[in-house]
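# Remarks on the overall topology
Take a look at the letters that make up each chain.
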Amino acid sequence: MKYAQLIRLLVNRELTLRYKRSVIGIGWTLLNPMLTSFVLWVVFSFVFASRLPGTQQYAPYLMAGILLITFFSQGVTICAESIASNGPVLTKIYVPPQVFPISTALAGLVNFFIGMIPLTIVCLISGQSIAWTIPLVLVVGICLALLTAGIGLSLSILYIRFDDSRNIVNVFLMILMYFTPVFYPISILSERLQILVSYNPLSSYLDVFRWAFSNNATATLFDWGYMISTSLISIAIGTYVFKKYWPRTVAML
Amino acid sequence: MAVIEVKNVNVTYRVLMNKSGSLKELFRDALKGKARVVDYVALQDVSFSVDKGEVVAILGRNGAGKSTLLKVLAGVLPPTKGTSKVNGKIAPMIELGAGFHPEMTGAENVLFYSALMGREVRSVKERTPAIGEWAGVTDHMDFPLRTFSSGMVARLAFATATDEHSDVLLVDEVLSVGDSDFQAKSKARIQEIINNGAAVVLVSHDMSAVRELATRAIWLENGHVKMIGNPQEVVAAYEAN
């Protein structure tokens with residue numbers, strides 16, 4: 001593909017640029033989820049650690065949640081912004097605009113995998129071993145990248161057309177995070193809330209991820225089906241919406 | 001065969017009356033029935049073709065549709081009606097350095113800009129030192145672009161855009177880049193590209209440059225072609241207007 005080289009350069013730029021002026025550079029990708037998880041662990045472990053069933057451990061439970069939700073929220077926001085922020089290029093040189101959101105999603109995927117290094121350490125420290133199902137996290141990562149890119153593509157059109165959609169999206173992402181069992185076990189919720197949370201696709205992604213990584217949750221067949229179908233639907237809607245509205249939107253850049 | 005072929009191109013923007021880009025206001029206006037969509041015609045029935053080795057200058061006041069036409073030619077903006085066909089590689093030199101990033105080094109930016117134009121990354125990598133040298137920024141190539149002066153950025157962008165052979169050159173007011181030495185150098189390079197058989201579309205307010213370089217001129221007014229033909233005549237008519 002003609003634009004594969006461009007995508008590679010873009011992913012590279014995305015990964016390194018954020019920490020260009022910092023001393024340890026890309027090391028922050030390792031450190032960031034650890035620090036966030038540590039703070040949340042200090043705050044919540046007293047409340048939630050004892051509520052996890054069986055042999056599940058709170059520290060890796062929390063950190064897996066942080067990694068996944070960061071990938072999703074950051075991915076969606078940056079993806080959606082990528083078209084608008086590359087407007088000066090897109091209005092002058094012809095490149096398929098989709099390369100920007102796609103590169104962002106891929107960079108998020110790489111960050112997600114890098115984040116699994118500290119997650120492995122945390123797992124081992126808390127006495128868990130890495131499950132033999134670990135290759136399946138690749139599926140989780142790909143599904144998440146598709147979900148993120150799909151939502152990002154649709155939102156990028158909205159972002160260009162309406163400035164204030166950014167704020168609405170941010171609030172929505174925050175609500176979504178609280179409706180995902182990132183730092184609490186789902187069992188602490190009332191039955192009605194539990195049903196609501198289980199309808200959130202991200203809960204299924206998270207279940208599968210925690211299960212595949214260190215057998216730290218139970219993943220049902222429904223979770224798998226929900227994860228894969230939502231990711232495919234998302235990317236299908238995203239590419240369709242983008243294709244349909246882009247010709248009219250590019251004039252607004 | 002014509003390198004550029006534009007046939008009956010129309011571009012209409014749909015604009016919201018009282019557009020303010022806010023969902024709240026759109027909602028409020030929609031409730032009051034005040035939201036009206038108006039078609040703004042940016043280009044109307046524009047047709048022309050450019051052959052190999054031709055230099056076509058586009059004249060017109062601000063808002064006449066020059067930039068829109070360049071966007072259509074670059075393939076960035078699909079025309080609402082009509083067709084625009086470009087056979088061959090395009091080197092857009094519209095607002096040089098649009099793809100540049102201040103935190104990346106000069107060399108990285110050259111690579112990135114070239115990849116945006118669809119060039120082969122490996123061959124550009126080999127050419128990077130030569131590009132830097134031509135632009136006169138060899139010593140700075142490994143520093144972030146934010147440490148460059150604006151003249152240096154423009155020179156590097158010009159050097160990158162013109163480094164590889166292209167069939168079509170889209171030029172938007174960039175002949176006045178850098179000091180007089182560099183201006184002479186860049187004019188010579190454009191001349192060389194023209195001699196090599198590229199087609200050039202030039203947007204400029206600099207009438208002497210148009211008279212000097214162009215082989216044909218198009219005068220746009222309010223989105224339609226007011227006059228097309230010999231540059232001396234078109235410029236004279238345009239200036240008399």
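Model, not experiment: these values are computed from the prediction. Residue numbering note: each chain is counted from 1, following its sequence as written. Chain A is the first chain written and ligand 1 is the first ligand written, with later ones labelled in order. It should be noted that, the model being predicted, local features are given only for residues of pLDDT at least 70 and side-chain atom pairs only at 80 or more, the latter also being counted only at that level, while totals for whole chains, interfaces and linings use all residues.

## A word on the overall build of chain A
- Looking only at helices and strands, chain A features 10 helices and 0 strands.
- Starting at the N terminus and ending at the C terminus, chain A contains elements arranged as α-α-α-α-α-α-α-α-α-α.
- A radius of gyration in this sense is built from C-alpha atoms; the matching globule rule multiplies 2.2 Å by the number of residues raised to 0.38. In terms of C-alpha radius of gyration, chain A reaches 19 Å, essentially the compact-globule figure of 18 Å for 253 residues.
- Once the C-alpha set of chain A is aligned to its principal axes, its extents read approximately 60 × 45 × 30 Å.
- Residue burial in chain A is summarised as follows: out of 253 residues, 43% are buried.
- We call two residues in contact whenever the C-beta atoms placed from their backbones are within 7 Å. When contacts within chain A are restricted to residue pairs at least 6 apart in sequence, long-range pairs at least 24 apart make up 78% of them. Put simply, DSSP H or I for four residues or longer makes a helix, DSSP E for two residues or longer makes a strand, and each gets a number counted from the N terminus. Exposure criterion: with C-beta atoms placed from backbone coordinates, a residue whose C-beta has 20 or more other C-beta atoms within 10 Å is buried, one with 12 or fewer is exposed, and one in between is partly exposed.

## Here we look at the overall build of chain B
- When you go through chain B residue by residue, the secondary structure sums to 8 helices and 9 strands.
- Projected onto its principal axes, the C-alpha coordinates of chain B cover approximately 60 × 50 × 30 Å.
- Within chain B, buried positions represent 41% of all 241 residues.
- Considering only intrachain contacts with a sequence separation of at least 6, the fraction spanning at least 24 residues in chain B is 72%.

## As for unusual backbone geometry
- Backbone geometry at N215(A) places phi at a positive 55°, although glycine is not the residue there.
- Judged by the 20 C-beta atoms lying within 10 Å of it, N215(A) falls in the buried class.

## Here we look at the interface of chain A and chain B
- Between chain A and chain B, the residue contacts involve 23 residues of the former and 26 residues of the latter.
- Of all elements in the fold, only α1 (4–17), α4 (87–90) and α10 (221–249) of chain A reach the threshold of two or more residues within the side of chain A that touches chain B.
- In terms of residue count, α1(A) provides more of the side of chain A that touches chain B than any other element does, 5 residues in total.
- Classification used: nonpolar for Ala, Val, Leu, Ile, Met, Phe, Trp, Tyr, Cys and Pro, charged for Asp, Glu, Lys and Arg, polar for all others including Gly. Along the lines of polarity and charge, the residues of the side of chain A that touches chain B split into 13 nonpolar, 3 polar and 7 charged.

## Details of the environment of P247(A)
Residues and elements named next belong to chain A.
- Considering the arrangement of structural elements, one finds P247 in helix α10.
- By the C-beta count within 10 Å, which is 12 here, P247 ends up exposed.
- Taking the C-alpha atoms as reference, P247 lies 16 Å from V99; in sequence the two are 148 residues apart.

## Some thoughts on the nonpolar core
- Nonpolar core, as used here: buried Ala, Val, Leu, Ile, Met, Phe, Trp, Tyr and Cys residues forming one set through C-beta atoms within 7 Å. Of all hydrophobic cores here, the largest spans 135 residues; its most connected members are Y205(A), F209(A), I58(B), L170(B) and L202(B).
- Counting residues per element, this core draws most heavily on helix α3 (residues 58–85) of chain A, which supplies 16 residues.
- Aside from chain neighbours lying at most four places away, what touches L202(B) is V55(B), V56(B), A57(B), I58(B), V171(B), L213(B) and A214(B).

## Re the environment of A149(A)
Residues and elements named next belong to chain A.
- Along the chain, A149 turns up in helix α6 (residues 137–161).
- Of the residues examined, A149 has 27 C-beta atoms within 10 Å and is grouped as buried.
- For the pair A149 and L202, spaced 53 residues apart in sequence, the C-alpha to C-alpha distance is 15 Å.
- When near neighbours in sequence (up to four residues on either side) are disregarded, A149 contacts C79, P101, I102, A105, I235 and G238.

## Some points on the packing of α3(A) against α6(A)
Residues and elements named next belong to chain A.
- The axes used here are C-alpha line fits, helices contributing only the stretch in contact, and every angle between their N-to-C directions lies in the interval 0 to 180 degrees. It is at 7 Å that the axes of α3 and α6 come closest, and there the two elements cross at 40°. Classed by the angle they form, the pair α3 and α6 counts as oblique. As for how α3 packs across α6, the hand of that crossing is right-handed. Where α3 approaches α6, its residues F71, F72, G75, V76, C79, A80, E81, S82, I83 and A84 are matched on the opposing element by L144, T148, A149, I151, G152, L155, S156, Y159 and I160.
- Of the residues belonging to the contact of α3 with α6, the class tally is 13 nonpolar, 5 polar and 1 charged. Under this scheme an angle from 65 to 115 degrees is roughly perpendicular, one under 35 degrees roughly parallel, and one over 145 degrees roughly antiparallel; angles in between are oblique. Here a crossing is called left-handed whenever its near helix is offset anticlockwise from the far helix by less than a right angle, and right-handed whenever the offset is clockwise.

## With respect to the packing of α3(A) against helix α9 (residues 201–214) of chain A
Residues and elements named next belong to chain A.
- Their axes nearest at 10 Å, the elements α3 and α9 cross at an angle of 130°. Considering the angle they form, α3 stands oblique to α9. Between α3 and α9 lies a crossing whose hand is right-handed. Touching P60, Y61, A64, G65, L68 and F72 of α3 are L202, Y205, L206, F209, R210, F213 and S214, all from α9.

## Some details on the environment of A80(A)
Residues and elements named next belong to chain A.
- Within the fold, A80 resides in helix α3.
- A count of 26 C-beta atoms within 10 Å places A80 in the buried class.
- Taking the C-alpha atoms as reference points, A80 and V11, separated by 69 residues in sequence, lie 16 Å from one another.
- Other than its neighbours up to four places away in sequence, A80 contacts G152, L155, S156, Y159 and V169.

## Focus: the pairing of strand β7 (residues 199–203) of chain B
Residues and elements named next belong to chain B.
- Extensive coverage of β7 is indicated by the burial of 5 of its 5 residues.
- The alternating pattern of β7 places A199, V201 and V203 on one face and V200 and L202 on the opposite face, and all of these are buried.
- As paired strands, strand β3 (residues 55–59) and β7 are joined by 4 bridges and run parallel to one another. Counted as the bridge partner of V56 is V201 from β7.
- In this sheet, β7 lies alongside strand β6 (residues 168–172) in parallel orientation, the contact comprising 5 bridges. Here, a strand pair is defined by DSSP locating no fewer than two bridges between the strands.

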